[in-house]
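Below are the chains, spelled out letter by letter.
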Amino acid sequence: MSEALSDAPEFPMVRGRRPFDPPPELDRRLHDEPVSRVKIWDGSEPWLLTRYEDVRAMLADARVSADTSKAGYPPQSPGIAARRKRAKAFITMDEPEHGAQRRLLTGDFMVKKMERLRPRIQKIVDDLIDDMLAGPKPADLVQAFALPVPSLVICELLGVPYADRAFFHRVSKVLISKDTPPAESLAALEELLAYLGGLVKQKLTDPADDVLSRLATEQVATGAMTVDDVAAMGQLLLVAGHETTANMIALGTAALLEHPDQLAAVRDGDPALVANAVEELLRYLTIVHTGRRRVALEDMEIGGHEIRKGDGLIAASDIANRDEKAFPDPDKLDVTRKARHHVAFGYGVHQCLGQPLARVELQVVYSTLYRRIPTLKLAAPVEELKFKHDMVVYGLHALPVTW
Amino acid sequence: MKVLIDQDRCVGAGQCVLAAPEVFDQREEDGVVVLLQENPPAELHEQVREAAQICPALAIELAD
């Protein structure tokens, strides 16, 4: 052990006064110590990668593993550590298992199919805005709009009854909180798996046109997968499918309201500009803010440092998306910027499966909300907003708005 | 420019389709990349280069 190890700072780091920017210490590391040790909650000291090129290279490297059960893997939270041996979904598998499972779903999320969903998503968005305008103000944009949009869409796609949303919203929150005690985290997972397992069994005998029905009839009925395997896949899609996009909607809206010139450009822009703005907001906000985690499967070199087999690795995508070598003037929110090469969805074979869906949802939301409510504004000062420092996905617990 | 794709590596993220829809498509049943033009014209080269650069699975290779 070298002396440097004992000086390793705590990770994740604390954000500064600017809630839309990554922690200042991450920015310092990007410039002064781009590859360095940090200390995480369990006392281990994985490597933190901050440069765009290093982050991309590591995440695309077959010599690293995403398997959370492997020795040295740096888990995001005690809850995630407790859950790692239960209900593995493809996000924590390596090749070839990962690819085989992911391919069962890639057709469901392909670009053309998501485009076919656009009119349906537009209807959902318009209806929710109608309800919000008809209701009391100020309103909480998270509850009235940001959470319902992706929840409704992922429920329809998977075949999960939207009426059960209070249940899975509660359980998801427990699962993505950094502070959930291990036993509670495991119990929440079991609850969600039991619920989804029940749905899968129901769909075995009474299938509809949805993803869980297809997995039930094509995979479970043939013996290729168990009910529990499909439930594990379903919980990943359900949690990831609404928590992330919901946060991008609320946080993106807050960021745009703080940048009125950018909001005006989005509101008055054509569809191509809105699509561009979505990429820039994904880059600028990078809501998966506790890093993409891996473990080295063999000795390797990153940025001049010797990484040993079994060393934990954390790719800090939020600060990588602020690397001026990849994005000039990176701290500026500029919706006209070419930002499609951002790593907000990760990189490598694990890059977000649902990104074509997230893009369509965000494009419809951003092109509709500010046009339909041009006087939309914060109903509380930005300093009083409750940001999700306690969650592995960044965002807002509530966003009071009026118009 | 010659475009080479590796369908075995493809993870169906759809980035290439968004960057260069005239050159790349996805197979309907599983979202795996399909090459529409092996030798795209010069006006599409920038888009194709972007597609190759952002492909998360490094499944697109470009040759002269």
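Structure's up top.
Thresholds applied
Residues numbered from 1 in each chain as written. Chains lettered and ligands numbered in written order. Predicted model: local features only at pLDDT ≥ 70, side-chain atom pairs only at ≥ 80, totals over all residues. Heavy atoms only, no water. Helix = DSSP H or I, 4+ residues; strand = E, 2+ residues; numbered from the N terminus. Rg over C-alpha atoms; globule rule 2.2 N^0.38 Å. Buried < 20%, exposed > 50% of the residue type's maximum accessible area, 1.4 Å probe, protein only. Contact = heavy atoms within 4.5 Å. Pairing = 2+ DSSP bridges. Buried area = accessible area lost by both parts, 1.4 Å probe. Salt bridge = Lys/Arg side-chain N within 4 Å of Asp/Glu carboxyl O. Polar contact = N/O pair within 3.5 Å; in protein donor to acceptor, adjacent residues only side chain to side chain. Nonpolar A, V, L, I, M, F, W, Y, C, P; charged D, E, K, R; others polar. Axes fitted to C-alpha atoms, helices over the stretch in contact; angles between N-to-C directions. Parallel < 35°, antiparallel > 145°, perpendicular 65-115°, else oblique. Left-handed = near helix turned anticlockwise from the far one by under 90°. Phe/Tyr/Trp six-rings, centres within 6.5 Å; stacked < 30°, edge-to-face > 60°. Lys NZ or Arg CZ within 6 Å of the ring centre and 35° of its normal. Core = buried A, V, L, I, M, F, W, Y, C linked by side-chain atoms within 4.5 Å.

Caption draft 1: Fine view of the overall build of chain A. When you go through chain A residue by residue, the secondary structure sums to 15 helices and ten strands. Against the compact-globule benchmark of 22 Å for 403 residues, chain A has a radius of gyration of 21 Å, which places it among compact chains. Referenced to the eigenvectors of the C-alpha coordinate spread, the extents of chain A come out at roughly 65 × 55 × 35 Å. Residue burial in chain A is summarised as follows: out of 403 residues, 59% are buried.

Caption draft 2: Structural detail: the environment of Val3(B). Topologically, Val3(B) is positioned in strand S1 (residues 2-5). Excluding residues within four positions of it along the chain, Val3(B) makes contact with Phe24(B), Leu35(B), Gln37(B), Glu38(B), Pro40(B), Val48(B), Ile60(B), Glu61(B) and Leu62(B).

Caption draft 3: Focus on the sheet that holds strand S4 (residues 139-140) of chain A. Residue and element names in this part refer to chain A. In spatial order, the strands read S4-S10-S9; together these three strands make up an open sheet with antiparallel pairing. On the outer flanks of this sheet lie S4 and strand S9 (377-378), each paired with one strand and no other. Direction of pairing for S9 relative to strand S10 (residues 400-402): antiparallel, over a ladder of two bridges. Bridge pairing links Leu 378 to Val 401 in S10.

Caption draft 4: Expanded view of the interface of chain B and chain A. Each side of the interface is counted separately: chain B has 27 residues, and chain A has 22 residues. Considering only the surface of chain B that becomes buried against chain A, Val11(B), Leu18(B) and Glu28(B) emerge as the three largest contributors, covering 27% of it. The tally of links from chain B across to chain A stands at four salt bridges. Across the salt bridge formed by Glu28(B) and Lys112(A), the nearest N and O atoms sit 3.9 Å from each other. Joining chain B to chain A, the criterion identifies 17 residue pairs in polar contact (both at pLDDT 80 or more). Its residues assigned to classes, the side of chain B that touches chain A shows eleven nonpolar, seven polar and nine charged.

Caption draft 5: Representation of helix H2 (residues 45-54) of chain B within the structure. Taken as a whole, H2(B) has its buried residues at His45(B), Val48(B), Ala51(B), Ala52(B) and Ile54(B). Buried-residue contacts for H2(B) involve helix H2 (52-59) of chain A together with S1, helix H1 (15-19), strand S2 (24-26) and strand S4 (60-63) of chain B.

Caption draft 6: Examining the packing of helix H7 (residues 148-158) of chain A against helix H15 (residues 355-372) of chain A more closely. All names here are of chain A. Closest axis-to-axis distance for the H7/H15 pair is 11 Å, and the angle between their directions is 140°. Taken together, the axes of H7 and H15 are oblique relative to one another. With respect to the hand of their crossing, H7 and H15 are arranged in right-handed fashion. Of the residues in H15, those touching H7 at Val 149, Pro 150, Val 153, Ile 154 and Leu 157 are Leu 357, Glu 361 and Val 365. Taken together, the residues of the contact of H7 with H15 break down into seven nonpolar, no polar and one charged.

Caption draft 7: Highlighting the packing of helix H9 (residues 182-205) of chain A against helix H10 (residues 211-220) of chain A. All names here are of chain A. Put simply, H9 and H10 touch, their axes get as near as 8 Å, and they point 70° apart. Here H9 is positioned roughly perpendicular relative to H10, judged by the angle of their axes. Handedness of the crossing formed by H9 with H10: right-handed. In this structure, H9 uses Leu 196, Leu 199, Val 200, Lys 203 and Leu 204 to contact H10, whose residues at the interface are Leu 212, Ser 213, Ala 216, Thr 217 and Val 220. Residues of the contact of H9 with H10, tallied by class, amount to seven nonpolar, two polar and one charged.

Caption draft 8: Broad picture of the packing of aromatic side chains. All names here are of chain A. By the definition in use, this model includes five aromatic pairs over all chains. Among the aromatic residues, ring-to-ring pairing joins Phe 20, Phe 387 and Tyr 394 into one connected group. The ring of Tyr 394 carries the charged tip of Arg 15 above its face, separated from the ring centre by 3.5 Å. When the ring centre of Tyr 347 is taken as origin, the NZ or CZ atom of Arg 56, which lies over that ring, is 4.4 Å away.

Caption draft 9: Structural context of the nonpolar core. Phe145(A), Val160(A), Tyr366(A) and Leu399(A) are the most contacted members of the largest nonpolar core, which has 102 residues in total. Broken down by element, this core gets its largest block of residues, 17 residues, from helix H11 (residues 227-257) of chain A. Those residues within four positions of Val160(A) in sequence are excluded, and the remaining contacts are Cys155(A), Phe168(A), Tyr195(A), Leu196(A), Leu199(A), Leu212(A) and Leu238(A). Membership of the second largest hydrophobic core comes to 22 residues, among which are Val111(A), Cys16(B), Ala19(B) and Ile60(B).

Caption draft 10: The arrangement of H7(A) in detail. All names here are of chain A. The buried fraction of H7 amounts to ten of the eleven residues, a majority that puts the element mostly inside the structure. Burial in H7 covers these residues: Pro 148, Val 149, Pro 150, Ser 151, Leu 152, Val 153, Ile 154, Cys 155, Leu 157 and Leu 158. Phi turns positive one or two residues past the end of H7, at Gly 159, with a value near 90°.

Caption draft 11: Spotlight on the pattern of salt bridges. All names here are of chain A. In the structure shown here, the tally under the stated rule is 39 salt bridges over all chains. For the salt bridge of Lys 203 with Asp 210, the shortest nitrogen-to-oxygen distance reads 3.1 Å. Residue Asp 210 is classed as buried on the basis of its relative accessible area of 10%. A salt bridge links Arg 214 to Glu 218; its shortest N-O distance comes to 3.3 Å. Taken together, the positions of Arg 214 and Glu 218, both in helix H10 and four residues apart, correspond to about one turn of that helix. Take Arg 214: its relative accessible area is 24%, and that puts it in the partly exposed class. Glu 218 sits in the partly exposed class, given a relative accessible area of 41%.

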